[in-house]
Amino acid sequence: MAARAIPAPLAQLPNALTIFRFLLIPVFIALVVGSDGEGSYSAAAVFALAGATDQVDGWLARRWRVESQFGKFADPLADRLMIDVAVVLLCLDGRLPWIALAIILVRDGALVFGYPLVRGRGYEFEVNFTGKLATWILYASLVGVTASDEGTTWPLVLFWAGLALALVAAALYLGKALRETRA
């Protein structure tokens, strides 16, 4: 790996953006809870900002060659938590069906709790393109659901497409883990 060409403090920016995304979670919660079941442009904007930081932190880390073990673990965790919190709150508001919550929580629980089981056996988790695409679509759809009132259809269609891709990505991760830990 080539030496980085940026100052050391700037090299921490990708991880700082990931931490910032964790800090946006309680802000998002407060805005959604304060919206009393209505669409909230401010909550949607915070959620969109979280999605944008997800894109920027990984891109900067790869471009500047400052990827870290912390970032490889915390970045997908921040995404999972932000998306899971949004799905829980939107289910409670009646804007997403409960089955969506069950699918998201089972999938994310399997990823979060399954990774430590295979990491010690030689599996290195790397986000694949399908997983990234699923996350982008889920962020976009949840921005739409958050901003709109109950019954708006287009963000739900986008949400189900993103969730289907997320399940495909989970199956790909599982297959890769099984192949790499059996070798």
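The notes below deal with the structure included here. (Residues numbered from 1 in each chain as written. Predicted model: local features only at pLDDT ≥ 70, side-chain atom pairs only at ≥ 80, totals over all residues. Heavy atoms only, no water.)

Our next topic: the side chain of D57. Examined against the element boundaries, D57 turns out to sit in helix α3 (residues 41–64). Residue class for D57 comes out buried when judged on its relative accessible area of 3%. A polar side-chain atom of D57 sits 2.6 Å from a polar atom in the side chain of T18. Engagement of the side chain of D57 in a polar contact is seen with the side chain of R21, the distance being 3.1 Å. Apart from residues no more than four positions distant in its own chain, D57 is found in contact with P14, L17, T18, R21 and D75. (Helix = DSSP H or I, 4+ residues; strand = E, 2+ residues; numbered from the N terminus. Buried < 20%, exposed > 50% of the residue type's maximum accessible area, 1.4 Å probe, protein only. Polar contact = N/O pair within 3.5 Å; in protein donor to acceptor, adjacent residues only side chain to side chain. Contact = heavy atoms within 4.5 Å.)

Looking now at a negative patch on the surface. Taken together, the side chains of D36, E38, D149 and E150 define an acidic patch exposed on the protein surface. What makes E38 partly exposed here is its relative accessible area of 44%. (Patch = residues over 30% accessible without salt bridge, like charges linked within 9 Å, V, L, I, M, F, W, Y side chains within 5 Å. Areas by Shrake-Rupley, 256 points an atom, 1.4 Å probe, with all protein chains shown as cover. Salt bridge = Lys/Arg side-chain N within 4 Å of Asp/Glu carboxyl O. Lys, Arg positive; Asp, Glu negative; His and termini not counted. Charge placed at Lys NZ, Arg CZ, Asp CG, Glu CD.)

Another aspect to go through is a nonpolar patch on the surface. Together, I19, F20, L23, L49 and F70 make up an exposed nonpolar region whose accessible area comes to about 450 Å². Broken down by element, the nonpolar patch gets its largest block of residues, three residues, from helix α2 (residues 13–34). Looking at the secondary structure, you find L23 in helix α2.

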